[in-house]
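The primary structure of each chain is shown beneath.
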Amino acid sequence: MQLNKKSKIFIAGHIGMVGSSIVRHFKKKGYKNLILINRKNLDLIDQKKTYLFIKKKKPDFVIIAAAKVGGISVNSEQKAKFIYENIMIQTNLIHSSFLAGVKKLIFLGSSCIYPKHSKQPIKEEYLMTGKLEETNDAYSVAKIAGFKMCESYNKQYKTNYICLMPTNLYGPNDNYNLKTSHFFPALIAKTHLAIKKNLKMIKIWGDGTPKRELMYVDDLADACEFFLKKKTKHSLINIGSGEEKSILGYYKFIAKKLNVNLKISFDKKKPNGTLRKKLDSSLAKKYGWKSKYNLSKGFDLTYKDYIKKVNS
Ligand SMILES: NC(=O)c1ccc[n+]([C@@H]2O[C@H](COP(=O)([O-])OP(=O)(O)OC[C@H]3O[C@@H](n4cnc5c(N)ncnc54)[C@H](OP(=O)(O)O)[C@@H]3O)[C@@H](O)[C@H]2O)c1
């Protein structure tokens, strides 16, 4: 079935940063039949309830944006939760979709699941060619299982379940809790709080040297629509922006944007994580997709949303 404005599209995890961006995007494009349900009404860890929901709703397409997600600290402190919840959520959604006859599904991986010392930029074929980053190995194993499940169902059952592999993301609805957030929202929140409290210093986790590729979340939402429409031979497709800086470089970018000059101290007791993870997104480009937002525009939209939240 071709994607059209009346297609029934189940977006799992629609309240999260990625899920809410996908909902905004699909609504703006005029899709009329989005299937949405929150965790209170359907815990995706519950296999039977997940299956019964999908069987009843009979979606034409499924996008999996539900997952247990977090930054380096929570990922390394809650490995059991990260592996259990992610395996359960994705397995329930993928298998139930298959049982309900869903032919096309998007599962989201993450650039952090590639090998720790991968060649750069990272091509899709480098997955599972080396040791994983220790701080998020449990999360990575779960995500790799999700991708392999999609690939295996495609081979055995002739489905078209694809795994989009996004780089680090930021945008409206991000998590700014300093204990559980990713590095970029944490830098935004710390800089903002330093200005508000008139502090002279900012503390950055690690030594500031690791490089990260960053993409505005609405670009991923656009990629989800693009690849639901597209017939693809590949089960794994990198989705990156090409925008890369060091952690320190991103802080300097934010400080310039917010017109502040803070002393920087590095908390070297905190882990650096992988030193570099830049995606090679040439496969996505070959299919005809590329990111549209630059960092400056994405940051302005994100910061506006952050300020609205902290002031509400
Ligand atoms: N953020 C990034 O930088 C990034 C980068 C690459 C890939 N990704 C991928 O993008 C996807 C979404 O990430 P995100 O940043 O949007 O995370 P998020 O903001 O934490 O959103 C996750 C969503 O999943 C829902 N969820 C979690 N467990 C659930 C359960 N048991 N039952 C029902 N719903 C559940 C959450 O519901 P509640 O609202 O109730 O908690 C939330 O709506 C993930 O697969 C992640 O790996 C994210």
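Since this is a predicted model, take the numbers as computed values, not measurements. (Residues numbered from 1 in each chain as written. Predicted model: local features only at pLDDT ≥ 70, side-chain atom pairs only at ≥ 80, totals over all residues. Heavy atoms only, no water.)

Before going further, it helps to examine the state of the cysteines. Enumeration according to the criterion identifies zero disulfides in this entry. In this model Cys150 remains outside any disulfide bridge; the closest cysteine sulfur is found in Cys163, 6.2 Å from its own. On the basis of relative accessible area, Cys150 is assigned to the buried category, the value being 0%. Free cysteine: Cys224, not disulfide-bonded; nearest cysteine sulfur from Cys163 at 11 Å. Judged by relative accessible area, Cys224 falls into the buried class, the value being 0%. (Disulfide = S-S within 2.5 Å. Buried < 20%, exposed > 50% of the residue type's maximum accessible area, 1.4 Å probe, protein only.)

Surrounding the ligand, one finds 24 residues, the nearest of these being Val18, Arg39, Asp43, Tyr139 and Lys143. Within the contact set of the ligand, an oxygen atom lies 3.3 Å away from a backbone nitrogen or oxygen of Ala67. Only helix H1 (17–28) and helix H5 (137–157) provide two or more residues apiece to the shell around the ligand. For the shell around the ligand, a count of residues per class yields 15 nonpolar, six polar and three charged. (Near = heavy atom within 4 Å. Polar contact = N/O pair within 3.5 Å; in protein donor to acceptor, adjacent residues only side chain to side chain. Helix = DSSP H or I, 4+ residues; strand = E, 2+ residues; numbered from the N terminus. Nonpolar A, V, L, I, M, F, W, Y, C, P; charged D, E, K, R; others polar.)

So, on to unusual backbone geometry. A cis geometry characterises the amide bond from Gln120 onward to Pro121, with omega recorded as -15 degrees. If you trace the backbone, Pro121 turns up in the loop between strand S4 (104–108) and H5. One non-glycine residue, Lys158, adopts positive backbone phi at about 60 degrees. The exposed category is assigned to Lys158, whose relative accessible area is 64%. Phi is positive for Asn198, which is not a glycine, with a value near 60 degrees.

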